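A closer look at the structure
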Amino acid sequence: MPRSYLRLFQAIITLFIICAFVGGLIGAVNALTADRIFDLKLQKTENAMRTVMPSGNIFNEIGDVSGYNFDSSVSAFYEALNSDNTCIGYCVEAKPNGFASQITVLVGLSFDGTVQGVVITDCNGETPGLGNRVAEPGFTSQFNGKGSTLAFSTGGAPASNEVSAISGATYSSRGVYEGVSSCIRAAISYTSANGGEAK
Amino acid sequence: MSKPRNPYSFPAMLKRGIITENPVLVQTLGMCPSLATSTSVSNALGMGLSVTLILICSNVMISLLRKLIPDRIRIAAYITLIAGFVTAVEMLLNAYLPSLSESLGIFIPLIVVNCIILARAEAFAAKNTVYRSFKDGIAVGLGFTFALVLISSVRELLGSGTLLGYPVLGASYPDATLFLMAPGAFLVLGFVVAGFRKITSKKEGK
C-alpha cells in the first residue's frame with residue numbers, strides 16, 4: 001500500500017476514535033442530566049402558571065389547537081382547573097418578537113379574555129437595563145383586568161384600556177403588548193368555539 | 001516564556017496566565033465573550049469558570065493525544081474535542097445552575113470557537129506534557145476569569161449600582177445603563193486594559 005494511503009487511513013481512524021469518545025462523553029452527560037433538565041423546565045412553566053392563575057391547581061395543555069385560528073405567536077394553550085377540577089380559565093403562552101429576540105410571555109385569562117396576570121418567562125435576548133425591564137411587575141401588572149379592547153400607548157397618561165411602554169424600550173414593550181393581545185384573542189376564540197363558558 | 005528559573009513551575013505559570021500574559025488584558029484574545037458576558041460579576045464568574053473547566057479538559061486531552069493526532073487533521077480533532085466538552089458543560093449548567101445558563105445563553109455554546117481555548121491547544125498543549133498542560137489550563141483559565149471579573153465589576157457597579165447583586169451605591173444612584181450595553185463594554189475594556197498595563201509596566205520598571 002502506498003504511504004499516502006496509510007496516512008489517510010491513520011487520519012480517518014484517529015478522527016473516528018475521537019468522535020466516538022466525544023459521542024460517548026456527551027451521551028453519558030446527557031443520561032445524567034436529561035431528566036433533571038426536563039423537570040426543571042416543567043417546574044418553571046408550572047410555577048409561572050400558578051403566578052398568573054393563583055387559584056389554578058392543574059393545568060392541562062391543549063395539544064391540538066389547529067381548529068381555533070390562533071395567532072402564529074401563540075405557542076401553548078392550557079386550561080386551568082381549580083382544586084374541584086372545574087375549569088376556571090386559561091393560561092396561554094405566546095412568543096412575540098421584541099427588540100432583539102423573541103420574548104416569551106405567559107398570560108392567565110378568564111373565559112371572556114380578561115387578563116388575570118402576566119409573567120415574562122424569557123426576555124434574556126433583550127437589552128439589559130432597558131428591554132429586559134418588561135419582566136418587572138411594574139410593567140406587567142398594567143395588563144391585569146384588561147380585555148379585548150387592550151391598546152398600547154407610548155406617551156402621555158394611558159387611558160383605562162391602555163398600557164404604557166417603558167420609556168427607551170418601546171419595541172420590547174410593544175412585543176409584550178402584542179403577545180398579550182394574541183393571548184386574549186386566543187382565549188376568546190377558544191371560548192366561543194367551545195360554546196360559551198367552557199365545560 | 002524566557003524566565004530564567006524553571007518557567008514551568010506552577011507559580012510561574014500562574015503569574016504568566018493571570019498577569020504578564022493575561023489572555024484578555026495582554027494578548028487581547030477572546031474579546032467577544034469578554035465584552036458580552038461581563039454585564040454582571042456573577043455572569044463573569046460563571047463564564048470564566050466554565051471556560052477554565054473546558055480549557056483544563058481540552059488541554060489535558062489534547063496533550064494526551066498529541067503524538068497520536070496526525071498534523072494534517074489536528075484542528076479538526078481539537079475542535080471536535082472542545083465541542084464535546086462544551087456540550088457536556090452546557091448540559092451540566094442547564095441541569096444544576098439553570099439561572100446562570102439562562103443569563104449566559106448563547107455564549108456557552110460559543111465557547112467552542114473561543115480563540116483562547118484553541119490558541120492554548122495549538123500553542124501549548126500540542127507541544128507539552130499532560131501535567132504542564134493541566135497547569136496551563138488552570139493558569140490561563142484563571143487569567144480569563146480574573147479579567148472578566150475586573151471588567152464586570154466596573155460595569156455592574158456603574159451600570160446597576162450593585163456588586164454580585166448586592167446594592168453598593170444605594171437606591172438614589174441613577175443606573176448608567178450605557179455601561180451594560182455594548183458601547184460601555186468597549187469603554188470599560190479600554191480603560192481596564194490601559195490601567196492594567198500601567199500597573200504591570202511600572203512593576204517591570206519600564
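Right, let's walk through the structure included here. (Residues numbered from 1 in each chain as written. Chains lettered and ligands numbered in written order. Predicted model: local features only at pLDDT ≥ 70, side-chain atom pairs only at ≥ 80, totals over all residues. Heavy atoms only, no water.)

Structural notes on the overall build of chain A
Rules: Here a helix means four or more residues in a row that DSSP labels H or I, a strand means two or more in a row labelled E, and each is numbered from the N terminus. Three labels apply to residues, based on accessible area from a 1.4 Å probe with only protein chains included: buried if under 20% of the type maximum, exposed if over 50%, partly exposed otherwise in between. Any two residues whose heavy atoms approach within 4.5 Å at even a single point are treated as in contact. Only the protein chains shown count as cover for residues, with accessible areas throughout obtained via the Shrake-Rupley method and a probe of 1.4 Å.
From N to C terminus, chain A includes three helices and seven strands. Starting at the N terminus and walking to the C terminus, you meet the elements of chain A as α-β-β-β-β-β-α-β-β-α. For the C-alpha atoms alone, the extent of chain A along its principal axes is close to 85 × 45 × 30 Å. Counting only residues that meet the buried cut, chain A has 43% of its 199 residues in that class. Taking all contacts inside chain A whose residues are at least 6 apart in sequence as the whole, residues at least 24 apart take part in 49%. Only carbon and sulfur atoms are counted for the fraction: they give 53% of the accessible area of chain A, which is about 10,500 Å².

Points about the nonpolar core
One recurring pattern in soluble globular proteins is that nonpolar side chains are buried together. Note the following rule: Nonpolar cores were defined as sets of buried Ala, Val, Leu, Ile, Met, Phe, Trp, Tyr and Cys residues, with membership established by side-chain atoms within 4.5 Å.
Counting residues in hydrophobic clusters, the biggest one holds 45 residues, and the most contacted among them are B:Met47, B:Ile54 and B:Ile111. Mapped by element, the contributors of at least two residues to this core are helix H1 (3-52) of chain A together with helix H3 (41-64), helix H4 (74-96), helix H5 (98-104), helix H6 (115-125), helix H7 (130-160) and helix H8 (182-203) of chain B. The biggest single contributor to this core is H4(B), with eight residues. In this view, B:Ile111 contacts B:Met47, B:Ser50, B:Val51, B:Ile54, B:Ile82, B:Val86 and B:Ile117; residues no more than four positions away in its chain are not counted. Among the nonpolar cores identified, the runner-up in size contains 36 residues, and A:Val74, A:Cys123, A:Ala165 and A:Tyr177 belong to it.

Observations regarding the pattern of salt bridges
All names here are of chain B. Applicable threshold: We define a salt bridge as a contact between a side-chain nitrogen of Lys or Arg and a carboxyl oxygen of Asp or Glu at a distance within 4 Å.
A complete count under the given rule lists seven salt bridges over all chains for this structure. Arg74 serves as the salt-bridge partner of Asp71, at 3.9 Å between the closest nitrogen and oxygen. Overall, the relative accessible area of 58% leaves Asp71 in the exposed class. Since its relative accessible area comes to 25%, Arg74 is described here as partly exposed. Between Asp136 and Arg120 there is a salt bridge whose closest N-O contact spans 2.8 Å. Residue Asp136 is located in helix H7, and its partner Arg120 is located in helix H6; the two are separated by 16 residues in the primary sequence. An identical accessibility class is assigned to Asp136 and Arg120; each is buried. Among the charged side chains, a salt-bridge network with shared partners connects Asp71, Arg74 and Glu122.

A closer look at the interface of chain B and chain A
The parts lose accessible area when they come together, and the size of an interface is often stated as this lost area. Spelled out, the test is: As a working definition, buried area equals the accessible area (1.4 Å probe) given up by two parts on being put together, with both sides summed. Polar contacts here mean pairs of N or O atoms no more than 3.5 Å apart (in protein, one a potential hydrogen donor and the other a potential acceptor; neighbouring residues in sequence count only if both atoms are side-chain atoms). Classification used: nonpolar for Ala, Val, Leu, Ile, Met, Phe, Trp, Tyr, Cys and Pro, charged for Asp, Glu, Lys and Arg, polar for all others including Gly.
Taken together, the contact pairs 27 residues of chain B with 25 residues of chain A. Interface of chain B and chain A: buried area, both sides summed, is about 2,100 Å²; carbon and sulfur atoms make up 77% of it. Run the count over chain B and chain A and you get one salt bridge. The residue A:Lys44 makes a salt bridge to B:Glu102 at a minimum N-O spacing of 2.8 Å. On inspection of chain B and its partner chain A, the count reaches two residue pairs in polar contact (both at pLDDT 80 or more). Looking at the side of chain B that touches chain A, the elements that each hand over two or more residues are H4 and H5 of chain B. Looking at the side of chain B that touches chain A element by element, the count peaks at 13 residues for H4(B). Residues belonging to the side of chain B that touches chain A are distributed by class as follows: 18 nonpolar, seven polar and two charged.

Describing unusual backbone geometry
All names here are of chain A. Phi angles above zero are rare outside glycine, and Asn69 is one such case at about 60°. One can find Asn69 in the loop between strand S1 (58-61) and strand S2 (74-81). Of note, the phi angle at Asn85 is positive, near 65°, even though the residue is not glycine.

Quick notes on the environment of A:Met49
Residues and elements named next belong to chain A. With respect to the helices and strands, the residue Met49 is situated in helix H1. A C-alpha to C-alpha distance of 19 Å links Met49 and Ile188, two positions 139 residues apart in sequence. In this structure, Met49 is in contact with Phe59, Tyr78, Cys91 and Leu106, ignoring residues within four places of it in sequence.

Here we look at the sheet that holds strand S5 (residues 115-122) of chain A
Residue and element names in this part refer to chain A. Definition in use: At least two bridges found by DSSP between two strands is the condition for calling them paired. An axis is simply a line fitted to the C-alpha atoms; with a helix, the fit covers only the stretch in contact. Between two such axes, the angle follows the N-to-C directions and lies from 0 to 180 degrees.
Within the open sheet, the five strands sit side by side as S1-S2-S3-S4-S5. Their pairing is antiparallel. Both edges of this open sheet fall to S1 and S5, since each of them pairs with a single strand only. Each strand of the sheet is rotated relative to its neighbour by a mean of 25°, with strand direction disregarded. For S2 and strand S3 (residues 87-94), the ladder comprises seven bridges, and the chain directions are antiparallel. Across the sheet, Ala80 pairs through a bridge with Gly89, a residue of S3. Strand contacts of H1: S1, S2, S3, strand S4 (104-109) and S5, with the helix running at about 150° to S5, the strand carrying the most contacts.

Comments concerning the pairing of S5(A)
Residue and element names in this part refer to chain A. With respect to burial, S5 is a largely interior element, six of its eight residues being buried. Here six bridges tie S4 to S5, and the two strands are oriented antiparallel to one another. Directly across from Gly108, in S5, lies its bridge partner Gly117. The turn linking S4 back onto S5 is made up of five residues, and Gly113 within it adopts a positive phi angle of 85°.

Details of a nonpolar patch on the surface
Residue and element names in this part refer to chain B. Applied cut-off: Grouping into patches uses exposed residues only, defined as over 30% relative accessible area, and leaves out salt-bridged ones; the cut-off is 9 Å for like charges and 5 Å for nonpolar side chains (Val, Leu, Ile, Met, Phe, Trp, Tyr).
Together, Leu45, Leu49, Leu142, Leu163, Leu164, Tyr166, Val168 and Leu169 line one region of the surface with nonpolar side chains, adding up to about 700 Å² of accessible area. With respect to the helices and strands, Tyr166 occurs in strand S2 (residues 166-167). The exposure class of Tyr166 is exposed, given its relative accessible area of 61%.

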